[in-house]
Amino acid sequence: MIEKLEQQFQAKIDAEVKIEPKDWMPEKYRKTLIRQISQHAHSEVVGMLPEGNWITRAPSLRRKIALVAKVQDEAGHGLYLYSAAETLGAERDDLLDQLHTGKAKYSSIFNYPATTWADMGAIGWLVDGAAIMNQVMLTRASYGPYARAMVRICKEESFHQRQGYEILLTLCRGTEIQKQMAQDSLNRWWWPSLMMFGPNDAESTHSAQSMAWKIKRKSNDELRQAFVDATVPQAKILGITIPDPDLKWNEERGHYDFGEIDWAEFWNVVKGNGPCNRQRIEDRKKAYEKGAWVRDAAVAYAEKREQRKAASKAKVA
Ligand code: BYC
């Protein structure tokens with residue numbers, strides 16, 4: 001019986017029919033999606049922290065408006081994604097508890113500090129740039145609510161990438177010190193950005209199954225290569241140098257070759273020992289506690305509405 005259901009399920013995926021919340025799905029598919037979508041949601045809300053830290057120090061009103069809008073967008077992305085995970089039966093409080101207790105992963109990139117204004121440029125250009133590269137394929141993910149959430153997220157990420165690039169363009173056309181700030185920022189964010197795509201394909205435990213289920217459409221290494229190929233010309237326009245002596249165009253492959261990622265550093269950060277892991281979780285926990293009154297007020301309002309509805313129904317009857 002279960003085998004037949006699994007065959008029908010895979011046939012639907014192969015025929016590019018979206019899987020919707022009430023459809024039958026293998027338990028492992030559900031779990032994989034909850035894992036990936038909730039990690040993604042956590043990345044969005046933890047990702048608000050390095051940039052949120054610069055809102056009060058933005059160099060002009062215009063920059064401040066754009067940065068506030070971007071950080072608010074990340075909160076919205078978290079909201080769509082937690083909601084998508086809830087359609088699979090996950091409880092939001094459980095997901096947040098996993099984040100706060102360090103059980104759930106979130107993107108390694110957000111455990112690095114944003115120490116200068118140029119980092120606001122590098123995060124937009126590189127981090128959002130890497131995110132778009134990965135997320136465009138997710139707009140075609142087999143699970144309907146995830147795919148649909150990703151369409152809007154990708155549109156917003158494009159604006160984020162451009163605002164970041166424009167910050168760096170301004171710095172690179174400015175004084176020598178400003179250009180050096182941009183270079184220093186690229187030096188610090190380049191390698192962590194490449195790590196965002198996850199381990200090499202040979203080490204990626206989930207890729208084969210997720211690609212068969214069309215949750216992922218491209219492998220970690222394919223996406224990383226596409227990101228490098230797209231980003232090198234952009235660095236040339238800025239006039240700053242990517243910190244990789246092995247980076248060079250390979251005519252035969254039609255791609256850039258690039259150096260080896262420091263995988264020991266990657267796993268160390270993923271396991272919770274990056275420069276900011278502890279601080280990020282503390283900050284998220286504090287934000288959750290401070291937001292308790294908003295959740296309480298929302299529940300009280302919903303209860304009041306229910307009571308009013310029940311009372312007016314009773315009157316009619
Ligand atoms: N960091 O088998 P693999 C944003 C884990 S936020 C930490 O390849 P998979 C933004 C992986 O979870 C955008 N952990 O896994 C926000 C797995 O561990 P578990 C974030 C990582 O899932 C604010 C193990 O390594 N984007 O744009 O097939 C401001 C083996 O990996 C990482 C998403 O979340 C990592 N980098 O592929 C600015 C995209 N990489 O779970 C910007 C959605 C891997 O077995 N997610 N791991 O304990 C995905 O597309 C996939 O989950 C990944 C990994 C490509 C990330």
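Everything numeric here is computed off the predicted structure, so don't read it as measured data.

Caption draft 1: Structural detail: the overall build of the protein. Helix and strand counts for the protein stand at 13 helices and 2 strands. On C-alpha atoms alone, the protein measures out to a radius of gyration of 22 Å, which is about the 20 Å that the 2.2 N^0.38 rule sets for 317 residues. Principal axes of the C-alpha set define a box for the protein whose edges measure 75 × 50 × 35 Å. When the 317 residues of the protein are sorted by exposure, 47% land in the buried category. Taking as baseline every contact in the protein between residues at least 6 positions apart, the subset at least 24 positions apart corresponds to 77%. Element-wise, carbon and sulfur atoms account for 56% of the exposed surface of the protein, whose accessible area totals about 16800 Å². Side chains of the protein carry 46 positive and 42 negative charges; the gap between the two charge centres is 7 Å.

Caption draft 2: The arrangement of the packing of helix 8 (residues 176-195) against helix 10 (residues 220-238) in detail. Viewed as axis vectors pointing N to C, helix 8 and helix 10 meet at an angle of 175°, and their least axial separation amounts to 12 Å. Classed by the angle they form, the pair helix 8 and helix 10 counts as roughly antiparallel. Of helix 10, the residues touching helix 8 (which contributes Lys 179, Trp 190, Ser 193, Leu 194 and Met 195) are Arg 224, Phe 227, Val 228, Thr 231 and Leu 238. Class assignment for the residues of the contact of helix 8 with helix 10 results in 6 nonpolar, 2 polar and 2 charged.

Caption draft 3: View of the nonpolar core. Formed by 80 residues in total, the largest nonpolar core has its most connected members in Tyr 29, Ile 37, Trp 125, Tyr 143, Tyr 146, Trp 189 and Trp 190. With residues near it in sequence (within four places) discarded, Trp 189 still touches Ile 109, Tyr 112, Pro 113, Ala 114, Asp 119, Ala 122, Ile 123, Leu 126 and Val 127.

Caption draft 4: Structural context of the side chain of Ser 108. Turning to its location among the elements, Ser 108 is positioned in the loop between helix 5 (92-100) and helix 6 (118-138). Aside from chain neighbours lying at most four places away, what touches Ser 108 is Met 195, Phe 266, Val 269 and Val 270.

Caption draft 5: Examining the site of the ligand more closely. Around the ligand there are 36 residues in total, and Lys 105, Ser 204, His 206, Lys 216 and Asn 220 lie nearest to it. The separation between an oxygen atom of the ligand and a polar side-chain atom of Gln 39 is 2.9 Å. Between the ligand and Thr 205, the relevant distance is 3.0 Å, taken from an oxygen atom to a main-chain nitrogen or oxygen of the residue. Within the complex, the protein chains bury 91% of what would otherwise be the 1000 Å² of accessible surface of the ligand. Of all the elements in the fold, those that place two or more residues in the shell around the ligand are helix 2 (27-46), helix 4 (61-86), helix 6, helix 7 (144-172) and helix 11 (263-273). Grouping the amino acids of the shell around the ligand by side-chain chemistry returns 13 nonpolar, 14 polar and 9 charged.

Rules behind the numbers
Residue indices begin from 1 for each chain and proceed along its sequence in written order. Per-residue local features are limited, in this predicted model, to residues with pLDDT of at least 70; the limit for side-chain atom pairs, both in listing and counting, is 80 or more; totals at the level of whole chains, interfaces and linings are taken over all residues. Computation of side-chain values: all heavy atoms of the structure, hydrogens and water removed. Counting from the N terminus, the helices are the DSSP runs of H or I reaching at least four residues and the strands are the DSSP runs of E reaching at least two. Taken over C-alpha atoms, the radius of gyration is set against a globule rule of 2.2 Å times the number of residues to the power 0.38. When accessible area is computed with a 1.4 Å probe and restricted to protein chains, residues below 20% of their type maximum are described as buried, those above 50% as exposed, and intermediate ones as partly exposed. By definition, residues are in contact when any of their heavy atoms lie within 4.5 Å. Per-residue and other accessible areas were derived by the Shrake-Rupley procedure at a 1.4 Å probe size, with only the shown protein chains allowed to occlude residues. Here Asp and Glu are counted as negative and Lys and Arg as positive; His is not counted, and neither are the chain ends. In plain terms, the charge of a residue is placed at NZ if it is Lys, CZ if Arg, CG if Asp and CD if Glu. Note on geometry: axes are lines fitted to C-alpha atoms, helical ones only across the stretch in contact, with angles between N-to-C directions running from 0 to 180 degrees. For classification purposes, angles smaller than 35 degrees are called roughly parallel, those larger than 145 roughly antiparallel, those between 65 and 115 roughly perpendicular, and all remaining angles oblique. For this scheme, ten residues count as nonpolar: Ala, Val, Leu, Ile, Met, Phe, Trp, Tyr, Cys and Pro. Four count as charged, namely Asp, Glu, Lys and Arg, and the remainder, Gly too, count as polar. Side-chain atoms within 4.5 Å are what join buried Ala, Val, Leu, Ile, Met, Phe, Trp, Tyr and Cys residues into a set we call a nonpolar core. For this purpose, a residue is taken to be near a molecule or strand whenever a single non-hydrogen atom of the residue falls within 4 Å of it. We call two N or O atoms a polar contact when they sit within 3.5 Å, provided that within protein one can donate a hydrogen and the other can accept it, with sequence-adjacent residues counted only if both atoms are side-chain atoms.

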